[in-house]
Amino acid sequence: MKLEARSITALAAGRPIVDTASLSVASGELVGLIGPNGAGKSTLLKTMLGLRPRSSGEIQLDGHDFLAMPAEARARAVAFLPQDRHVEWGLPARDIVMLGRYPHRARFGAPSPDDRAAVARALDAVDGHSFIDRPVTVLSGGERTRILLARALAVEAPILLADEPIAALDPYHQLHVMEILRDRAHAGAAVLAVIHDLALAARFMDRIVLMHEGGIAAEGRPGEVLTSENLARIYRIRPHADHSWSRM
C-alpha cells in the first residue's frame, strides 16, 4: 500500500507553509520527515490526512483520491499520532487506547474480542500496562505519548503517520519507540514519522525526506541526505565525528 502527496501547497495568512511538496510512503518502509522548525513538516502531514486544507495538489492511496474516500475507510487505512498530546477527557489510559478501534467497531457496539486483543497488543508494544487504569490527564508527558502511540497502533492500519513520536520521552523510550516504528514497517506497514533527532533518523530510517521553507530539499537514504553540505545549508550546524553538532 502506498500513500502519496503530489505537489501539495498549503497556505497560512496567504503565504505557502507547504510549497508544491511531494512525498510518498509505501508498505515495508520507515520514512523520516526532517527539517528545521517551521519547515512545514507537521502541516504537510495534516494536509495529507485532510486535517488542513490544501490550495493545490493531490493525496493518493494506491492511485485513488484518498480524501474522497469515506471517513471510516480512511481511518481504517491510515492511523495518526499527532504532535499535540493534550487530552481533554480524564478517561483511563486503557479507554484512550480503545478509541483506536473506533473505525472497526459497529456504531454504539461494545468492543469485540478482536478489539480487546488489538488494544492488548498495542499496550504490550509501548510497555504501557503498568498505568492503563490511571486517568490519562494525570500521566507524565512521556507516559501520555506512549498511550497515544498505543491508540494509533491499536488501529492496526496498514499506514501510520507519526508527528514527533519521541517527543517528551527519555532516552530508553526514545529508542524503544523507534524500534516499534521500525518493526512495524519491516512487518509490512508504511510508516512516516516527523523526527528532529538526526542521529536517530540516521540509525533507524530506511529513507529520509528533508524539508526546508515548505519544500522538499533532499530525499534518499540517510547517508545521502544527512550530508555536511545539507546540514550546513539548511540546519546551519557542523557535524563532528562523535555524532554531535555545533553551530556554524
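The coordinates are above.
About the cut-offs
- Residues numbered from 1 in each chain as written.
- Predicted model: local features only at pLDDT ≥ 70, side-chain atom pairs only at ≥ 80, totals over all residues.
- Heavy atoms only, no water.
- Helix = DSSP H or I, 4+ residues; strand = E, 2+ residues; numbered from the N terminus.
- Buried < 20%, exposed > 50% of the residue type's maximum accessible area, 1.4 Å probe, protein only.
- Contact = heavy atoms within 4.5 Å.
- 1 Å grid on protein atoms, 1.4 Å probe; cavity = no way out; pocket = protein on both sides within 12 Å on 5 of 7 lines; lining within 4 Å.
- Points joined across faces, edges and corners; volume = space filled by probe spheres on them.
- Pairing = 2+ DSSP bridges.
- Nonpolar A, V, L, I, M, F, W, Y, C, P; charged D, E, K, R; others polar.
- Salt bridge = Lys/Arg side-chain N within 4 Å of Asp/Glu carboxyl O.
- Arc of directions from axis to C-beta.
- Axes fitted to C-alpha atoms, helices over the stretch in contact; angles between N-to-C directions.
- Parallel < 35°, antiparallel > 145°, perpendicular 65-115°, else oblique.
- Left-handed = near helix turned anticlockwise from the far one by under 90°.

> Can you break down the environment of Ile34 residue by residue, with the values?
Note that Ile34 resides in strand β3 (residues 30-34). For Ile34, a relative accessible area of 0% gives the class buried. A C-alpha to C-alpha distance of 20 Å links Ile34 and Asp183, two positions 149 residues apart in sequence. With residues up to four places along the chain from it excluded, the contact list for Ile34 reads Lys41, Ile195, Leu198, Ala201, Ile208, Val209, Leu210, Met211, Leu226 and Tyr235.

> Give me the lowdown on the layout of surface pockets, citing residues and values where you can.
Reported here for the largest pocket is a volume of approximately 470 Å³. Considering the residues around the largest pocket, the lining is formed by 17 residues, among which Ala75, Val78, Ala79, Phe80 and Pro103 are closest to the centre. Among the elements that make up the lining of the largest pocket, the one with the highest residue count is helix α2 (residues 71-77) (four residues).

> I'd like to hear about the sheet that holds strand β5 (residues 64-65), residue by residue, with values.
Strand pairs in the sheet, formed through backbone hydrogen bonds, run parallel or antiparallel to each other. Spatially, β2-β1-β4-β5 is the arrangement adopted by the four strands of the open sheet, whose pairing is antiparallel. The open sheet has two edge strands, β2 (15-26) and β5, and neither has a second partner. As judged from the eight bridges shared by strand β1 (residues 2-12) and β2, these two strands associate in the antiparallel manner. Within the sheet, the bridge partner assigned to Ala5 lies in β2 and is Leu23.

> Any details on empty space enclosed by the protein? Residues and values, ideally.
The final tally for this structure, using the stated rule, is one cavity of 30 Å³ or more. What lines the largest cavity is Ala79, Ala152, Leu153, Glu156, Ala157, Ile159, Leu160, Arg184 and Ala189. Looking at the lining of the largest cavity residue by residue, the classes come out as seven nonpolar, no polar and two charged.

> I'd like to hear about the pattern of salt bridges, residue by residue, with values.
Scanning the entire structure with this criterion turns up nine salt bridges. Residues Glu4 and Arg6 are paired through a salt bridge, measuring 3.4 Å at the closest nitrogen-oxygen approach. Among the salt bridges present, the one from Glu29 reaches Arg207, with a minimum N-O distance of 2.6 Å. Within this pair, whereas Glu29 is found in the loop between β2 and β3, its partner Arg207 is found in strand β9 (residues 207-212), the two being separated by 178 residues in sequence. The two residues Glu29 and Arg207 agree in class, both being buried.

> So, helix α9 (residues 228-235): which residues are in play, and what are the values?
Of the residues making up α9, those classed as buried are Asn230, Leu231, Ile234 and Tyr235. When α9 is viewed along its axis, its buried side chains cluster within an angular range of 100° and face the same direction. Where α9 ends, the next residue or the one after it, Arg236, has phi of about 60°, a positive value.

> Talk me through the packing of helix α4 (residues 113-126) against helix α5 (residues 141-154); I want residue IDs and the actual numbers.
Following both chains from N to C, one finds α4 and α5 inclined at 140°, their axes separated by 8 Å at the closest point. With respect to α5, the axis of α4 lies oblique. The handedness of the crossing between α4 and α5 comes out as right-handed. For the pair α4 and α5, contact is made by Ala118, Val119, Ala122, Leu123, Ala125 and Val126 and by Arg146, Ile147, Leu149, Ala150, Leu153 and Ala154, respectively.

> An account of the sheet that holds strand β8 (residues 190-194) is requested, with residue identities and associated values reported.
A sheet is described by the order of its strands in space; here six strands give the open sequence β6-β7-β8-β3-β9-β10, paired in mixed fashion. In the strand order of this sheet, the two ends are held by β6 (78-81) and β10 (215-220), each with one partner. If you compare each strand with its neighbour and ignore which way they point, the axes differ by 15° on average. Where β3 lies against β9, four bridges are found, and the strand directions are parallel.

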